[in-house]
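Now for the letters of each chain:
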Amino acid sequence: MKDIQAKKIAEILASADALTQVAPAPSLEGRIQSRLAVALQGQKRPAPAIGFRWQMAAAVLLLLVNTATLIYLLQPAAQPDQVSVADYWSFTEDNQF
Amino acid sequence: MAYFSNLPTPSVEKQRYLEEQALIASLQAGDPTAYQWIVTAYHARVYQTCLGFLCHIEDAEDITQEVFIEAYRSIGSFRGDAKVSTWLHRIAVSKSLELLRYQKRKKRSGQLLSLLGMQQAGLEPRADQFDHPGFALERREQGRLLMAAVASLPAQQRIAFTLHKIDEHSYQETADIMQLTPSAVDSLVFRARANLKKRLAGLVD
């Protein structure tokens, strides 16, 4: 019984050696070629014109200026100098007419 | 086998021109002719490798396409320390295993959904139900058992066995693809055979 099983296993393992190469579907090569052609076309897309870069730089600069202005404007307003009541009275006492 | 002999062979000048390094340079430069050439020359072998791992014709076709797209995307980082064919096979192995891992995760979540009473969808028949077209008709049953047993091997043994035995790469080629020494591949194939015998003993009555 064990011999039969061992023989069957040996046959199954040997079947790997009898495996033949499988040809893919004929359309596969065409499909790969067309996908690659699309990818390669994408690569050759013209670089953005130089004007575009200047526009980007100007936009970034404008954004920075706006942000700085906003930060400046939103600062808490400077408080007027505080005058204590004692100071006020000493001032009025010194300056009585 | 007849298929490979029918492949258009590039002219001698072209062959000289497309020596490995020149080929890599052309690919890195985005030369469409170089891409056409590698697809014509290697797509059948890459497909064969993917089919050996995935045991599914449509998946193998999809991954074969992905291999060449990935090669195009990552050609810039290819240092040329291996043959282009070896590099393509490395991508094929990693993409195939990636898909298998994804499918395993999907299967697990599918089982979970079915436990929760939701529908289980998208499970494809795998190695144990796949009739590899490379097996002769009278060996289909044996082939199915073999593929099922190979699918259950540990990853490294599975890669070595599939590349060397099913995909017919030499020890050296398998070693180059796996970035190991030929003796390490030999040892992996030996252990794979021993494990296959054990696994097949459970499948054969």
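For the structure itself, look to the data block above.
Just so you know, these numbers come straight off a predicted model, no measurement behind them.

How each quantity is defined
Residues numbered from 1 in each chain as written. Chains lettered and ligands numbered in written order. Predicted model: local features only at pLDDT ≥ 70, side-chain atom pairs only at ≥ 80, totals over all residues. Heavy atoms only, no water. Helix = DSSP H or I, 4+ residues; strand = E, 2+ residues; numbered from the N terminus. Areas by Shrake-Rupley, 256 points an atom, 1.4 Å probe, with all protein chains shown as cover. Buried < 20%, exposed > 50% of the residue type's maximum accessible area, 1.4 Å probe, protein only. Contact = heavy atoms within 4.5 Å. Buried area = accessible area lost by both parts, 1.4 Å probe. Salt bridge = Lys/Arg side-chain N within 4 Å of Asp/Glu carboxyl O. Nonpolar A, V, L, I, M, F, W, Y, C, P; charged D, E, K, R; others polar. Disulfide = S-S within 2.5 Å. Core = buried A, V, L, I, M, F, W, Y, C linked by side-chain atoms within 4.5 Å. Polar contact = N/O pair within 3.5 Å; in protein donor to acceptor, adjacent residues only side chain to side chain. Axes fitted to C-alpha atoms, helices over the stretch in contact; angles between N-to-C directions. Parallel < 35°, antiparallel > 145°, perpendicular 65-115°, else oblique. Left-handed = near helix turned anticlockwise from the far one by under 90°. Patch = residues over 30% accessible without salt bridge, like charges linked within 9 Å, V, L, I, M, F, W, Y side chains within 5 Å. Phe/Tyr/Trp six-rings, centres within 6.5 Å; stacked < 30°, edge-to-face > 60°.

Q: What is the right way to look at the overall build of chain A in this model?
A: When its secondary structure is counted, chain A shows four helices and zero strands. Along its sequence from the N terminus, chain A presents helices and strands in the succession α-α-α-α. Summing over all exposed atoms, chain A offers an accessible surface of approximately 8100 Å²; the carbon and sulfur share of this is 66%.

Q: What is the right way to read the overall build of chain B from this model?
A: A count of helical and extended segments in chain B gives 10 helices and zero strands. The order of helices and strands in chain B, counted from the N terminus, is α-α-α-α-α-α-α-α-α-α. Taking all 205 residues of chain B together, 47% fall into the buried category. Taking as baseline every contact in chain B between residues at least 6 positions apart, the subset at least 24 positions apart corresponds to 60%. By element, 53% of the accessible surface of chain B is carried by carbon and sulfur atoms, the whole surface being about 10500 Å².

Q: For this particular structure, what's the right way to read the interface of chain B and chain A?
A: Accessible area lost when the parts come together is the quantity often used to give the size of an interface. Contacts between chain B and chain A engage 44 residues on the former and 30 residues on the latter. Here chain B packs against chain A, burying approximately 3700 Å² in sum over the two surfaces, 64% of which is carbon and sulfur. In this assembly, chain B and chain A are joined by three salt bridges. The shortest N-O distance in the salt bridge between Glu66(B) and Arg35(A) comes to 3.2 Å. Every element with two or more residues in the side of chain B that touches chain A is listed here: α1 (2-5), α4 (32-54), α5 (57-74), α7 (140-151), α8 (155-166) and α10 (182-203) of chain B. The class makeup of the residues in the side of chain B that touches chain A is 23 nonpolar, 11 polar and 10 charged.

Q: For this particular structure, what's the right way to read the state of the cysteines?
A: Residues and elements named next belong to chain B. Inspection of the entire model under this criterion finds zero disulfides over all chains. Considering cysteine sulfurs only, Cys55 is the nearest to Cys50, which forms no disulfide, with 12 Å between them. The exposure class assigned to Cys50 is buried, which follows from its relative accessible area of 0%.

Q: Looking at this structure, I do not really get the nonpolar core. What am I missing?
A: The nonpolar side chains of soluble globular proteins are, as a tendency, buried together. All names here are of chain B. In this structure, Ile38, Phe68, Val84 and Phe161 are the most contacted members of the largest nonpolar core, which totals 66 residues. No other element matches α4, which puts 12 residues into this core. Sequence-distant contacts of Ile38, defined by excluding residues within four places in its chain, comprise Leu23, Leu27, His43, Phe68 and Val84.

Q: How do you make sense of the side chain of Glu61(B) when you look at a structure like this?
A: One can find Glu61(B) in helix α5. Residue class for Glu61(B) comes out buried when judged on its relative accessible area of 10%. Looking at Glu61(B), its side chain comes within polar contact range of the side chain of Arg31(A), at 3.2 Å. Discounting chain neighbours no more than four positions away, the residues touching Glu61(B) are Ala25(A), Leu28(A), Arg31(A) and Tyr47(B).

Q: How should the packing of α4(B) against α8(B) be read in this particular structure?
A: For any two helices packed against each other, the geometry is given by the interaxial angle and the distance between the axes. All names here are of chain B. Their axes nearest at 10 Å, the elements α4 and α8 cross at an angle of 130°. What the angle tells us is that α4 and α8 run oblique. Considering only the axes of α4 and α8, their crossing is right-handed. Seen from α4, the contacting residues are Gln48, Thr49, Gly52 and Phe53; seen from α8, they are Arg158, Ile159, Thr162, Leu163 and Ile166. Of the residues contributing to the contact of α4 with α8, the split by class is four nonpolar, four polar and one charged.

Q: Any chance you could explain the packing of α5(B) against helix α6 (residues 84-115) of chain B here in plain terms?
A: Residues and elements named next belong to chain B. The contact between α5 and α6 brings their axes to 9 Å, and the two run at 125°. Between α5 and α6, the angle falls in the class oblique. Where α5 crosses over α6, the two elements pack in a sense that is right-handed. Contacts between α5 and α6 involve Asp59, Ile63, Glu66, Val67, Phe68, Glu70, Ala71 and Ser74 on the former and, on the latter, Trp87, Leu88, Ile91, Ala92, Lys95, Ser96, Leu99 and Gln103.

Q: Before we go on, may I ask you to explain a nonpolar patch on the surface in this structure?
A: A cluster of nonpolar side chains, contributed by Val60(A), Leu61(A), Leu64(A) and Val65(A), occupies part of the molecular surface with about 380 Å² of accessible area. Along the chain, Leu61(A) turns up in helix α3 (residues 50-73).

Q: Before we go on, may I ask you to explain the environment of Pro26(A) in this structure?
A: Here Pro26(A) is to be found in helix α2 (residues 26-43). For the pair Pro26(A) and Ala86(A), spaced 60 residues apart in sequence, the C-alpha to C-alpha distance is 101 Å.

Q: Could you clarify how one ought to interpret the packing of aromatic side chains in this entry?
A: Working definition: an aromatic ring pair is given by the centre-to-centre distance plus the angle between the planes. Residues and elements named next belong to chain B. Taken as a whole and judged by the stated rule, the model has three aromatic pairs over all chains. Here Trp37 and Tyr42 contribute two aromatic rings whose centre-to-centre distance is 6.0 Å and whose plane-to-plane angle is 90°, an arrangement assigned as edge-to-face. Residue Tyr42 is classed as buried on the basis of its relative accessible area, which comes to 15%. With a centroid separation of 4.4 Å and 15° between ring planes, the pair formed by Phe78 and Trp87 is classed as stacked. Just as Phe78 is buried, Trp87 falls in that class too.

Interpretation in functional terms is not warranted from these geometric data alone.
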